[in-house]
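These are the residues of each chain, in order.
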Amino acid sequence: MRIVHLAAEFAPIAKAGGLGEVLLGLTREVSKKGLDVEVILPKYDLIDLSKVQNLSIEVPNFKCLDSQNAVWSCRYEECQLRLLESRHPAGYFHRGKIYGCEDDIARFTYFSRAALEYLALQNKPIDVLHLHDWHVALCAPMVRHLFTQLRVKSIVLSIHNIEYQGKCAVSDLDRIGLKGDFYLAPHLLQDDNPKHPKTINLLKGGLVFSDALIPVSPTYAQEILTPQYGGGLDGTLRKLKPKIFGILNGIDQKIWDPEKDPALSMHYSTESVAKGKQAARAKIKLDGTKRPWIGAITRLVVQKGPELLEEAIETTLKLGGSYALLGSSPHPKMQEHFNQLKKKYEGNARVLFQFEYNEQLAHELYAALDLLLVPSHYEPCGLTQMIAMRYGTVPIVRSTGGLKDTVFDAEDSSTPAVKRNGFVFRDATKASMNQTLKRAFELFNSDPVTFQTLIRRGMQTDFSWKNPTLEYIKLYRTLLKSALDVNPIRINVVAN
Ligand code: ADP
């Protein structure tokens, strides 16, 4: 079975967050099961090519619209990696970053089209074209209408975060060679918000024209059907419910392994977790005597509950612990707010702020902390809580999305005792979170035996890609079996 993934990220060479890690973990495990897996990614200037060995040029020159491209290829992490080099005069992938450019729409719609041009050149049948998020969602309608020569049996779209949709103008579709006006219809790519009747929604194109939609956790698959979590697309999603299959992400247990992690000064297992944590703490400039240590490793965006992350500083200090925050924000105003907070706590040995993307420090913190706080307003899956558990750090999470599917409260009698592995609060409010922080501190201070049980349980849980991979393969097979059934969307909608 041949699976071709199109995505904007692939860890570790091009990672901005969870998406890149998911691509790596999923493709590695699916490849191990004997499927033929390929990943096509933009050749960003930020990719450290010394880490991609045996990269060679596969197609030196091919045209997409008016500009030239090349494709580089190698075996990488069990799969066939293809880096699409765009020589577009706008230097689309020479920006020193993956996202956050004013012309992100132009960059990723161009990548989507160029990737399909390359696949058309390759002229090899594809069993599953696996798309990820809005960046490449437009490939679904393009395969149905513009690249009909591609022998694609089925298209799936993973929804890593429904809030990011790639809203744009009709002219953005025109620019990449589609007839934009045609798509401005409620059953096609017109944005569902009646106040924006002229807006095109790229993610919606992926929703409508894919054969299956995969939100990254079962709870998120339910949540996005509601106005609260559906990002304005809940109406469309409710209509498409039969093709939605929530599959929980895994984490890459090779990268996240306290027994082998090269970022740690001491490796540890469930037997030596206390010593391992002590060693990790020695490297971090935080008051070592005040415990528990609580922290967060996160993008500083509204989704992640920045006001709650801030509130937790004072609560932690009052309760007698120390607090660490590793994060950074793509939004200058938000970053400035946290910079001011850092100034406020300057000289306080019990508070550590580090505002950058720092992989090494992230690994050290997962090991050093006692508790990891994830107070998200919504969380499609969330990886940090699973990584934390692997390192013997007990998560405190808000009950939403994948957090709800992976963390079970230590004191919740409705959950079997063997599943309880952390602390959960229901409402994204300061009161609800503070009360739970208090419970966690109390258990840490007064009942070390139960706290150790939580640590051990988390470390022993299988959060690997093993089970999710089986679910993905099962879904791929089901789709291929039904690929000959005529999808009504394919016959009702014919462009031009
Ligand atoms: P999201 O993808 O929404 O940002 P996830 O929980 O799915 O959130 O994944 C976040 C990933 O990014 C984790 O691997 C986490 O360790 C990492 N991460 C987040 N912020 C930082 C940072 N400032 N430095 C290093 N790693 C970070």
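Positions within a chain are numbered from 1, following the residues in the order the chain's sequence is written. For this predicted model, a pLDDT threshold of at least 70 governs which residues receive local features, and a threshold of 80 or more governs which side-chain atom pairs are given and counted, while totals over whole chains, interfaces and linings are taken from all residues. Each side-chain value is worked out from all heavy atoms of the structure, with water and hydrogens disregarded.

Draft legend 1. Here's a closer look at the nonpolar core. If you look at the biggest cluster of nonpolar residues, it comprises 103 residues, and the most contacted ones within it are L6, F10, L81, L116 and L129. Contacts were defined at the residue level, with two residues in contact if any of their heavy atoms lie within 4.5 Å. Sequence-distant contacts of L6, that is, excluding residues within four places in its chain, are made with I40, A115, L116, L129, H130, L131, H132, V136 and C139. Core analysis: the next-biggest nonpolar cluster, separate from the first, contains 69 residues, A280, A296, F425 and M459 among them. Note on terminology: a nonpolar core comprises buried Ala, Val, Leu, Ile, Met, Phe, Trp, Tyr and Cys residues joined through side-chain atoms within 4.5 Å. Note on exposure labels: buried denotes an accessible area under 20% of the residue type's maximum, exposed denotes more than 50%, and partly exposed covers the range between, all computed with a 1.4 Å probe on protein chains only.

Draft legend 2. Highlighting the packing of aromatic side chains. Only centres within 6.5 Å qualify two rings of Phe, Tyr or Trp (six-membered ring in Trp) as a pair; their planes then separate them into stacked at under 30 degrees, edge-to-face at over 60, and tilted for everything else. Here the structure, examined in full by the defined rule, presents 18 aromatic pairs. Measuring from ring centre to ring centre gives 6.3 Å for F62 and Y118, while their planes differ by 45 degrees; the resulting arrangement is tilted. Pair noted here: F62 is in strand β3 (residues 56-64) and Y118 is in helix α2 (residues 104-122), with a separation of 56 residues, a long-range link. Summarising the aromatic geometry, the rings of W256 and Y366 are spaced 5.3 Å apart at their centres and angled 80 degrees between planes, so their arrangement reads as edge-to-face. Taken together, the positions of W256 in the loop between α9 (234-239) and α10 (273-282) and Y366 in helix α13 (residues 359-368) put the pair 110 residues apart, joining distant regions of the chain. With a relative accessible area of 3%, Y366 lands in the buried category. We count a stretch as a helix when DSSP gives it H or I for four or more residues in a row; a strand needs E for two or more, and each element gets its number in order from the N terminus.

Draft legend 3. The arrangement of the site of the ligand in detail. A cutoff of 4 Å decides nearness: a residue is near a molecule or strand if any of its heavy atoms lies inside that distance of it. Near the ligand lie 20 residues; those nearest to it are G18, E21, R299, E356 and Y366. N or O atoms closer than or at 3.5 Å make up a polar contact, with two conditions inside protein: a donor-capable atom paired with an acceptor-capable one, and, for residues adjacent in sequence, both atoms drawn from side chains. A distance of 2.7 Å is found between an oxygen atom of the ligand and a side-chain nitrogen or oxygen belonging to R299. The backbone of L383 places a nitrogen or oxygen atom 2.9 Å from an oxygen atom of the ligand. Elements that contribute at least two residues to the shell around the ligand include exactly α1 (18-32), β11 (293-299), β12 (322-328), α13 and α14 (384-390). It is β11 that contributes the most residues to the shell around the ligand, 3 residues altogether. Each residue gets one label: Ala, Val, Leu, Ile, Met, Phe, Trp, Tyr, Cys and Pro are nonpolar, Asp, Glu, Lys and Arg are charged, and the others, such as Gly, are polar. Across the shell around the ligand, the residue classes tally to 8 nonpolar, 7 polar and 5 charged.

Draft legend 4. Geometry of unusual backbone geometry. Residue P12 is reached from A11 by a cis peptide bond, and omega for that bond is -5 degrees. If you trace the backbone, P12 turns up in the loop between β1 (2-6) and α1. Backbone geometry at E77 places phi at a positive 50 degrees, although glycine is not the residue there. Within the fold, E77 resides in the loop between β4 (67-76) and β5 (79-86). Phi angles above zero are rare outside glycine, and N123 is one such case at about 55 degrees.

Draft legend 5. Region of interest: the side chain of K15. Position of K15 relative to the elements: it lies in the loop between β1 and α1. According to the relative accessible area criterion, K15 is buried, its value standing at 19%. Side chain to side chain, K15 and E21 meet in a polar contact 2.9 Å long. In contact with K15, other than residues within four places in its own chain, are E9, F10, E21, I98, W256, Y357 and E359.

Draft legend 6. Examining the pairing of β12 more closely. Of all the 7 residues making up β12, 6 are buried; the element is thus mostly covered by neighbouring parts of the structure. By the bridge criterion, 7 bridges tie β11 to β12 in an arrangement that is parallel. Each residue of the ladder has a partner; that of T298, found in β12, is G327. Crossovers are marked right-handed if the path from the first strand over the helix to the second runs clockwise, as seen with the strands pointing away from the viewer. For the crossover from β11 across helix α11 (residues 306-319) to β12, the handedness is right-handed. Two strands pair under a simple rule: DSSP has to find at least two bridges between them. Examined bridge by bridge, β12 and strand β13 (residues 351-354) share 4 bridges and lie parallel to one another.

Draft legend 7. Examining the sheet that holds β11 more closely. Pairing is parallel in the open sheet, where 6 strands are placed in the order β13-β12-β11-β14-β15-β16. Where the open sheet ends on each side, the last strands, each with one partner, are β13 and β16 (423-425). Adjacent strand axes in the sheet meet at a mean angle of 15 degrees when their direction is disregarded. Axis angles are defined between N-to-C directions and span 0 to 180 degrees, where every axis is a line fitted to C-alpha atoms and, for a helix, only to the segment in contact. Against the sheet, α11 touches β11, β12, β13 and β14 (371-374), its axis set at about 165 degrees to β12.

Draft legend 8. Molecular detail of the layout of surface pockets. Throughout, the protein atoms alone are placed on a 1 Å grid, and a set of points is a cavity if a 1.4 Å probe fits but cannot get out or a pocket if it is open with protein on both sides within 12 Å along at least five of seven lines; lining residues have an atom within 4 Å of a point. Grid points are joined across faces, edges and corners, and a volume is the space filled by probe spheres set on the points. Of the voids in this model, the second largest pocket is the one considered here, and its volume is about 540 Å³. Contributing to the lining of the second largest pocket are 23 residues, with P12, K51, I255, E359 and H363 lying nearest its centre. Going through the elements one at a time, α1 and α13 are the ones with two or more residues in the lining of the second largest pocket. The leading source of residues in the lining of the second largest pocket is α13, at 3 residues.

Draft legend 9. Structural detail: the sheet that holds strand β6 (residues 126-132). Spatially, the 8 strands line up as an open sheet ordered β3-β4-β5-β2-β1-β6-β7-β10, and their pairing is mixed. Each of the sheet's edge strands pairs with one partner strand only, and the pair in question is β3 and β10 (212-215). Direction aside, the axes of adjacent strands within the sheet are offset by 25 degrees on average. Here helix α7 (residues 202-209) sits on the sheet and contacts β7 (152-159) and β10; the angle it forms with β7, its principal contact strand, is near 130 degrees. Running at roughly 140 degrees to β7, helix α18 (residues 466-481) makes contact with β1, β6, β7 and β10 of the sheet.

Draft legend 10. Layout of the pattern of salt bridges. For salt bridges, the criterion is a side-chain nitrogen of Lys or Arg within 4 Å of an Asp or Glu carboxyl oxygen. Inspection of the entire model under this criterion finds 28 salt bridges. The residue K51 makes a salt bridge to D48 at a minimum N-O spacing of 3.6 Å. On the accessibility criterion, K51 (55% relative accessible area) is exposed. Given the relative accessible area of 34%, D48 is considered partly exposed. For R291, the salt bridge is made with D370, and the minimal N-O distance between the two is 2.8 Å. On the criterion of sequence distance, the pair formed by R291 in the loop between α10 and β11 and D370 in the loop between α13 and β14 is long-range, its members being 79 residues apart.

Draft legend 11. Up close: the packing of helix α16 (residues 430-446) against helix α17 (residues 448-460). Axis separation between α16 and α17 bottoms out at 6 Å; the angle between their running directions is 110 degrees. Looking at the two axes, α16 sits roughly perpendicular to α17. In this structure, α16 contributes A440, L443, F444 and S446 to the contact, and α17 contributes P448, T450, F451 and L454. In terms of residue class, the contact of α16 with α17 is made up of 6 nonpolar, 2 polar and no charged. Every angle not falling under 35 degrees, over 145, or within 65 to 115 is termed oblique; those three ranges are roughly parallel, roughly antiparallel and roughly perpendicular.

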